[in-house]
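Residue-level structure breakdown
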Amino acid sequence: MKFFQILIASLFVPSILTLDKTWWKHASIYEIYLKSFKDSNGDGIGDLKGLISKLDYLTGIGIDTIYMPPFYPSSMADGGYDITDFKGIDPVYGTMEDFEQLMKEMKSRGLYFLMDLVINHSSDEHEWFQKSIERIDPYTDYYVWADPKGYDWNKKPIPPNNWFSIFNLHESGSAWAWNDKRKQFYLRHFTEKQPDLNLRNEAVKDEIKNIIEFWLKKGVTGFRVDAPMVLLEDEKLQDHPPLKPEHSSLEAVFAVDDYKAHVHHPDTFKFLNELHQFVARYDKKSGKSTQTPLIGETYGSVPKIVKYYGTRRFPVFHLPFNFLLTSLKTYLNAQQLHDFLHSWLDQVPKGFPSNWALGNHDFGRFSYVFDVEYNSILLVLVAMLPGTGTVYYGEELSMGANKLVQLEDTYKRFIHRSPMHWDDSRNAGFTSAEKPWLPVHPNYWQFNVKTQMGRENSSLNYFKDLMSLRKTDTFKYGDLKFHIVSKWILAFSRTFKGTGYVTIMNLGTETEPIDLYTNLDNVSSTMKVVASSPNSGYKKGTIIKTTPNYPNLSVLRPHSALILESIIQ
């Protein structure tokens, strides 16, 4: 029997999850920018003790995994990604004892922790780099050094090739920086204070494995691997083709093969496979009951990203991050969103888990592009589609990006990292300091945890309902079927062992009619609302009759979502 009689298009998607119980295959990941989450000591900066104080909040809203950008000691030239000690904690965030307490508290609550593993580079203030400048063994070749190609008319050294810096792409900046003391260039894909490590050096690889083992013994349960697209480069340092005008953005550069001399280099996959095998051996040797996943911060076209899964015989990442949703820049109708989602789903290798990410500390928040109401659409996709779902702190509140920060040039690049809104008190309850390190968003008085927790029909309680559903077997392992109901109504069903849920989304800007009796059969005569966005017009627990005399689901408001439960006949 047909599920929707007015179905325009429908496509069955076989389940991309196996019945493997490994946590990372269906985790609910919550990214925390530690500096902006919760300040415990009144200095205006979030810290580890502040996070510990909020763990019960996270478990209470259904989160099972925390990921945080670096909190290692750093010269802070790039928000902590320029690391001076890979086995330490920056004092601004606390101590190693604080971190160990965090791991203990998380374990007692059944929470997992993803560490940011930065292996492309260190800080130029790192001991390794300083000794490498001096050519002190074994550090002489810990970094990628090269002689100048020559000298210009002003006796200025010329970089060894035409490789570009990731941070200076638009200014045609070189990926090479000159060190006058060593009289050589060093590779730096990011800032000049972030020299690239030489990952062809066996001693460097051993250092990285030692770092991984160090943090695993501290209680870390997995790693998010930073910047994998530029980990290795051509050994001969050969030029790549000139940068094309149509490749003026990083997204365009990461989407093609033109620059594989140092972007998506084939040897990168061999190196990552080696790390994959290392963590597998560690898990077996240590007797761990769960796998240690390596999750890649992957960008580029979908074909490029899915290559980072590897194969069963040659695994690369356990998961390459899918940032497809972060690339949305405009509202889509049902057909467009269907095709957009399938541009990922259709290319995930068979038998491998999928994943979805909404925002992050680099690409920002949905509210920077879309209206707050559209939050319900984006959250339901991250939560209810198969695989791992990742949200950025505050998105459960529909918390916005503080665009006013742009008035302060010092903070312009951090507009998506403003402090978490805990209540409607001064500084949103983030800190007792007179001023936090970054201003809170002006709308904190209503978009905060305390206010929304006490309001039944709130973004936060909607989020809690979604996270609760994610824990059911149907959403962990169920099959997925999309239905394009009308131009603006997209629905999808998840079914597993006789249990079924239907998610309905109104993508349009007007109220859309939906008649369950006309459009739905092959379901029970009654359906229950198990989650509804704040703007849907329906309360959780409402019983929907699907018989001719009770077609009482008649309309769905603009930019809203509804999840219905039924027992498949």
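Look above for the structure.
An account of the accompanying structure is given in this report. (Residues numbered from 1 in each chain as written. Predicted model: local features only at pLDDT ≥ 70, side-chain atom pairs only at ≥ 80, totals over all residues. Heavy atoms only, no water.)

**So, the overall build of the protein chain**
Within the protein chain one finds 14 helices and 22 strands. Expressed as a percentage of its 569 residues, the buried residues of the protein chain come to 60%. Sequence-distant contacts in the protein chain: of pairs separated by 6 or more residues, those separated by 24 or more amount to 69%. A total accessible area of about 22,900 Å² is found for the protein chain, and carbon and sulfur atoms account for 51% of it. (Helix = DSSP H or I, 4+ residues; strand = E, 2+ residues; numbered from the N terminus. Buried < 20%, exposed > 50% of the residue type's maximum accessible area, 1.4 Å probe, protein only. Contact = heavy atoms within 4.5 Å. Areas by Shrake-Rupley, 256 points an atom, 1.4 Å probe, with all protein chains shown as cover.)

**A short note on the pattern of salt bridges**
Evaluated as defined, the whole model comprises 24 salt bridges. Two residues, Glu 105 and Arg 109, come together in a salt bridge whose shortest N-O distance is 2.8 Å. A relative accessible area of 29% means that Arg 109 is categorised as partly exposed. The salt bridge involving Lys 244 is made with Asp 258; its shortest N-O contact spans 2.9 Å. Placement of Lys 244 in the loop between β10 (222–225) and α6 (250–254) and of Asp 258 in the loop between α6 and α7 (266–286) is noted, with a sequence separation of 14 residues between them. A relative accessible area of 34% means that Lys 244 is categorised as partly exposed. (Salt bridge = Lys/Arg side-chain N within 4 Å of Asp/Glu carboxyl O.)

**Examining α7**
For α7, built from 21 residues, the straight-helix expectation of 30 Å at 1.5 Å per residue is met to within 8% by its first-to-last C-alpha distance of 31 Å. Next to the buried residues of α7 lie α5 (202–218) and β11 (294–296). Directly after α7, the chain includes Gly 287, whose backbone phi takes a positive value near 75°. (Expected span 1.5 Å × (residues − 1).)

**Regarding the layout of surface pockets**
Unoccupied space between atoms shows up once a probe the size of one water molecule is rolled over them. Roughly 400 Å³ of volume is contained in the second largest pocket. What lines the second largest pocket is a set of 17 residues, among which Lys 107, Leu 111, Gly 219, Val 220 and Thr 221 lie closest to the centre. Within the residue set of the lining of the second largest pocket, elements represented by two or more residues are α3 (96–108), β4 (112–117) and α5. Across the lining of the second largest pocket, the residue classes break down as seven nonpolar, five polar and five charged. (1 Å grid on protein atoms, 1.4 Å probe; cavity = no way out; pocket = protein on both sides within 12 Å on 5 of 7 lines; lining within 4 Å. Points joined across faces, edges and corners; volume = space filled by probe spheres on them. Nonpolar A, V, L, I, M, F, W, Y, C, P; charged D, E, K, R; others polar.)

**Here's the deal with the packing of aromatic side chains**
For the coordinates displayed, the defined rule picks out 38 aromatic pairs. An angle of 85° between the planes, with centres 5.2 Å apart, marks the rings of Phe 99 and Trp 215 as edge-to-face. Taken together, the residues span a long stretch of sequence, with Phe 99 in helix α3 and Trp 215 in helix α5 at a distance of 116 residues. Among the aromatic residues, ring-to-ring pairing joins Phe 71, Tyr 72, Phe 86, Phe 99, Phe 113, Trp 128, Tyr 139, Tyr 142, Phe 214 and Trp 215 into one connected group. Here the guanidinium or amino end of Lys 35 rests over the ring plane of Trp 437, the centre of that ring lying 4.2 Å away. Geometry around Phe 352 places Arg 312 over its ring, the cationic atom sitting 5.2 Å from the centre. (Phe/Tyr/Trp six-rings, centres within 6.5 Å; stacked < 30°, edge-to-face > 60°. Lys NZ or Arg CZ within 6 Å of the ring centre and 35° of its normal.)

**Some words on the sheet that holds strand β8 (residues 176–179)**
The strand order across the open sheet formed by three strands is β5-β9-β8, and the pairing between neighbours is antiparallel. The open sheet terminates on both sides in strands that have one partner only, identified here as β5 (145–146) and β8. Both β5 and strand β9 (residues 184–187) contribute to a ladder of two bridges, which runs antiparallel. Following the sheet pairing, Ala 146 is matched in β9 by Phe 185. (Pairing = 2+ DSSP bridges.)

**Focus on helix α10 (residues 375–384)**
Given 3.6 residues to a turn, an α-helix orients residues that are three or four positions apart in the same direction. For α10, the buried fraction is high: ten of the ten residues fall into the buried class. When we look at burial in α10, the residues that qualify are Asn 375, Ser 376, Ile 377, Leu 378, Leu 379, Val 380, Leu 381, Val 382, Ala 383 and Met 384.

**What about the nonpolar core?**
One finds Tyr 30 and Phe 99 to be the most contacted residues of the largest nonpolar core, which totals 150 residues. Among the elements that line this core, the one with the most residues is α10, at eight residues. Those residues in contact with Phe 99 that lie beyond four places of it in its chain are Leu 48, Phe 71, Ile 89, Phe 113, Met 115, Trp 215, Lys 218 and Val 220. In terms of nonpolar packing, the next biggest core, distinct from the first, is built from 13 residues, Ile 514, Met 527, Tyr 538 and Ile 544 among them. (Core = buried A, V, L, I, M, F, W, Y, C linked by side-chain atoms within 4.5 Å.)

**A look at the pairing of strand β15 (residues 479–484)**
Among the six residues of β15, five are classified as buried, and the element is accordingly described as predominantly covered. Two strands pair when backbone bridges link them, and β15 and strand β16 (residues 489–496) are joined in this way by six bridges, in the antiparallel orientation. Bridged to Ile 484 within β16 is Leu 490. Linking two consecutive strands that pair antiparallel, namely β15 and β16, is a turn of four residues.

**Focus: the pairing of strand β2 (residues 28–31)**
Burial along β2 is two-sided: the residues Ser 28 and Tyr 30 and Ile 29 and Glu 31 are all buried. Here four bridges tie β2 to strand β14 (residues 388–392), and the two strands are oriented parallel to one another. Counted as the bridge partner of Glu 31 is Tyr 392 from β14. The pairing of β2 with strand β3 (residues 65–67) spans three bridges and is classified as parallel. The partner of Tyr 30 across the bridge, within β3, is Ile 66.

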